[in-house]
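Topology and contacts: notes
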Amino acid sequence: MKKIKVGILGATGMVGQNYIKLLENHPWFDVVYLAASTNSAGLKYTDAVKGRWQMTTPIPKKIENIKVEDVSQIEKAKGKCNFVFSAFEISDKNIVKEIEEKYAEAGIPVVSNASANRWTTDVPMLIPEINASHTDIITTQKKNHGWKDGFIAVKPNCSLQSYLTPIYALNKAGFPIKRIFITTLQAVSGAGYPGVPSLDMIDNVVPFIGGEEEKTENEPLKILGEIKNGKFEKNKELKISAQCMRVPVSDGHLACVSILFKNKKPTKEQIIKIWNEFESVPQDLKLPFAPVQPIIYTEEENRPQPKKDRNNDKAMAVTVGRLRECNIFDYKFVALSHNTVRGAAGGGILNAELLVKKGLIK
Ligand code: NAP
């Protein structure tokens, strides 16, 4: 198969660097276009990231000399790439929304990590194991804007990736959950680079991440919602209460979760079986970035741990452990996912693979 030409917006940042690393040997995608802020524009990629390349493998040879463009100069990407991954950060989200829409208008599909379009009514927020069918809204989105080839699809915040697939697996198996109480322990790489000042992180936990609790509580309602009359309708049965902490861990977000079932609760053995046997669309379609087993239950009483479990199955699997009865809700457990891979670049790549299989990225 001839490879699909890909651009990365925000290629110099933490998520952009992860895209470059993960796409180095991708069987379908070929990185040909890089863009970032005006600070990096005009520089060779190696010069643009000098002193701030965060990956543990070298910059791929093919990428080193690519000239970085300015994200806002959309015309430079035209004719060069078939679609772009969006991972640039601007504090005014309206500007991000506007730029992503301009790429779509120019006929370039946008697979985004940014939050700017997550609540746009005709934009799908995808975790392919959960809501692959939400890509159906893209026809309506294109019609609403008069776009022929371009469109926008987003992935949710990294904070909810660790626990939402295990919740969905139980819903799907006939045990719907109506209340979730969650505390996340989130890695520093989630704040990008240079991120949180080192003096705030060493010997410390910061009990606040701006906007994170709202995202953790609300985004699952869209993901578990449905398309009605050309718009997303939120799931009305589920309520989530979240607290989000920044902890001195490099990669891997942990979530301590308590759940209450709507009806009869399953046994502990049933839950573990449901999780370990769970498979979905990415596994059926054999997407290159799909984990073979999306949820791995670990029996060891002191796991999952970020350092030891974040890289399970190409860092794309969710690892769950410590399932036990809860004195207030039904059960509690601990879940872990790699925030910059499953929760960011790897999740974006899986979304793009799904969109290719559905014929939306050509
Ligand atoms: P980051 O390390 O701070 O990188 C920011 C990127 O945005 C850089 O490439 C930077 O380019 C570019 N940028 C900054 N100002 C810009 C401007 N005015 N115009 C165009 N580009 C600009 O941030 P990150 O962690 O990679 O996050 C990127 C996006 O992914 C954010 O929307 C974030 O919320 C989302 N996300 C991050 C994670 C994670 O785990 N880190 C997870 C999920 C989602 P220069 O280098 O030229 O300044």
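Residues numbered from 1 in each chain as written. Predicted model: local features only at pLDDT ≥ 70, side-chain atom pairs only at ≥ 80, totals over all residues. Heavy atoms only, no water.

**Things to note about the site of the ligand**
We apply this condition: If a single non-hydrogen atom of a residue is within 4 Å of a molecule or strand, that residue counts as near it. Contacts described as polar in this section are N or O atom pairs within 3.5 Å, which, within protein, must combine one atom able to donate a hydrogen with one able to accept it, while residues neighboring in sequence count only if both atoms come from side chains. Computed by Shrake-Rupley with a 1.4 Å probe, the accessible areas treat only the displayed protein chains as cover when residues are assessed. Secondary structure follows DSSP: runs of H or I at least 4 residues long count as helices, runs of E at least 2 residues long count as strands, and numbering of each begins at the N terminus.
In the vicinity of the ligand lie 25 residues, with Thr12, Val15, Ser37, Ser40 and Glu89 positioned nearest. In the environment of the ligand, an oxygen atom lies 3.3 Å from a nitrogen or oxygen atom belonging to the backbone of Gly10. Here an oxygen atom of the ligand and a backbone polar atom of Tyr193 are 3.1 Å apart. A total of 910 Å² of accessible area belongs to the ligand in isolation, and the protein chains cover 82% of it. Residue assignment for the shell around the ligand shows that the elements contributing at least two residues are helix H1 (14-22) and helix H14 (341-357).

**Observations concerning the sheet that holds strand E7 (residues 177-186)**
Hydrogen bonds along the backbone pair up the strands of a sheet, which may run parallel or antiparallel. Here is the rule we go by: Here, a strand pair is defined by DSSP locating no fewer than two bridges between the strands. Only the contacting stretch of a helix is used when fitting its axis, a line to C-alpha atoms as for every element, and angles between N-to-C directions run 0 to 180 degrees.
Overall, mixed pairing links the six strands, which are arranged E10-E7-E11-E14-E13-E12 in an open sheet. The sheet is open, and its two edges are formed by strand E10 (239-246) and strand E12 (295-298), each paired on a single side. Shown here is a sheet whose adjacent strand axes are inclined to one another by a mean of 25°, direction ignored. Pairing geometry for E7 and strand E11 (residues 253-261), over eight bridges, is antiparallel.

**Comments concerning the side chain of His134**
Threshold: Residue exposure (1.4 Å probe, protein chains only): buried if accessible area is under 20% of the type maximum, exposed if over 50%, otherwise partly exposed. Every residue pair with non-hydrogen atoms within 4.5 Å of one another is taken to be in contact.
Topologically, His134 is positioned in the loop between helix H5 (128-131) and helix H6 (137-145). Given the relative accessible area of 5%, His134 is considered buried. Non-local contacts of His134, meaning those with residues more than four positions away in its chain, are made with Pro124, Leu126, Lys222, Ile223, Gly225, Glu226, Ile227 and Phe232.

**Digging into the side chain of Arg342**
You can see Arg342 is positioned in helix H14. We classify Arg342 as buried; its relative accessible area is 4%. Non-local contacts of Arg342, meaning those with residues more than four positions away in its chain, are made with Ile127, Pro128, Glu129, Lys155, Gln161, Pro291, Ala315, Met316, Ser337, Gly347 and Leu350.

**A few points about the domain arrangement of the protein chain**
Spelled out, the test is: In this document the domain limits rely on a domain assignment from an automatic tool or a database. Note on definitions: buried area is the accessible-area loss of two parts on being combined, 1.4 Å probe, summed for both. Basic side-chain nitrogens of Lys or Arg form a salt bridge, by our definition, when they fall within 4 Å of a carboxyl oxygen of Asp or Glu.
With domains assigned, the protein chain is organised as domain 1 (4-157 + 344-357) and domain 2 (159-338). Every contact between the two is made by 37 residues of domain 1 and, on the other side, 36 residues of domain 2. Counting the surface domain 1 buries against domain 2, the share from its top three residues, Glu129, Ile130 and Asn157, is 26%. Run the count over domain 1 and domain 2 and you get one salt bridge. Of the charged contacts, one joins Glu219 and Arg118 as a salt bridge, the two residues approaching to 2.9 Å between their closest N and O atoms. Along the contact surface separating domain 1 from domain 2 lie 13 residue pairs in polar contact (both at pLDDT 80 or more).

**Focus on the packing of aromatic side chains**
We count it as follows: Here is the rule: rings of Phe, Tyr and Trp (six-membered ring for Trp) pair when centre to centre is within 6.5 Å. Planes less than 30 degrees apart are stacked, more than 60 are edge-to-face, and the remainder are tilted. Geometrically, a charge over a ring is one whose NZ (Lys) or CZ (Arg) sits within 6 Å of the ring centre while staying within 35 degrees of the ring normal.
Counted under the stated rule, the structure contains 11 aromatic pairs. With 6.2 Å between their ring centres and 90° between their planes, Tyr45 and Trp53 make a pair best called edge-to-face. With respect to class, Tyr45 is no different from Trp53; both count as buried. Consider the rings of Phe83 and Phe85, whose centres lie 5.0 Å apart with planes at 75°: the pair is edge-to-face. Pair check on accessibility: Phe83 and Phe85 agree, each one buried. These aromatic residues form a ring-pair network of at least three members: Tyr19, Trp28, Phe29, Phe83 and Phe85. The ring of Tyr331 is capped by Lys265, whose NZ or CZ atom sits 5.4 Å from the centre of that ring.

**As for unusual backbone geometry**
Along the chain, Tyr193 connects to Pro194 via a cis peptide bond; the corresponding omega equals 5°. Here Pro194 lies in the loop between E7 and helix H8 (198-201). Geometrically, the link from Arg303 to Pro304 is a cis peptide bond, its omega value of 5° lying close to zero. You can see Pro304 is positioned in the loop between E12 and helix H12 (306-309). Located in the positive-phi region is Asp203, a residue other than glycine, with phi close to 60°. The residue Asp203 is located in the loop between H8 and helix H9 (212-223) in this model. Here Arg322, not a glycine, exhibits a phi torsion of approximately 55°, which is positive. Of note, Arg322 is situated in strand E13 (residues 318-325). Judged by its relative accessible area of 37%, Arg322 is partly exposed.

**A closer look at the pairing of strand E1 (residues 4-9)**
The following threshold applies: Look down the strands so they point away from you; if going from the first strand over the helix to the second traces a clockwise path, that crossover is right-handed.
Buried residues dominate E1, accounting for five of its six residues. Examined bridge by bridge, E1 and strand E2 (residues 29-36) share six bridges and lie parallel to one another. Considered in E2, the bridge of Val6 is made with Val31. As a crossover connection, the stretch from E1 through H1 into E2 is right-handed. Taken together, the four bridges between E1 and strand E4 (residues 83-86) define a ladder with parallel strand orientation. Bridged to Leu9 within E4 is Ser86.

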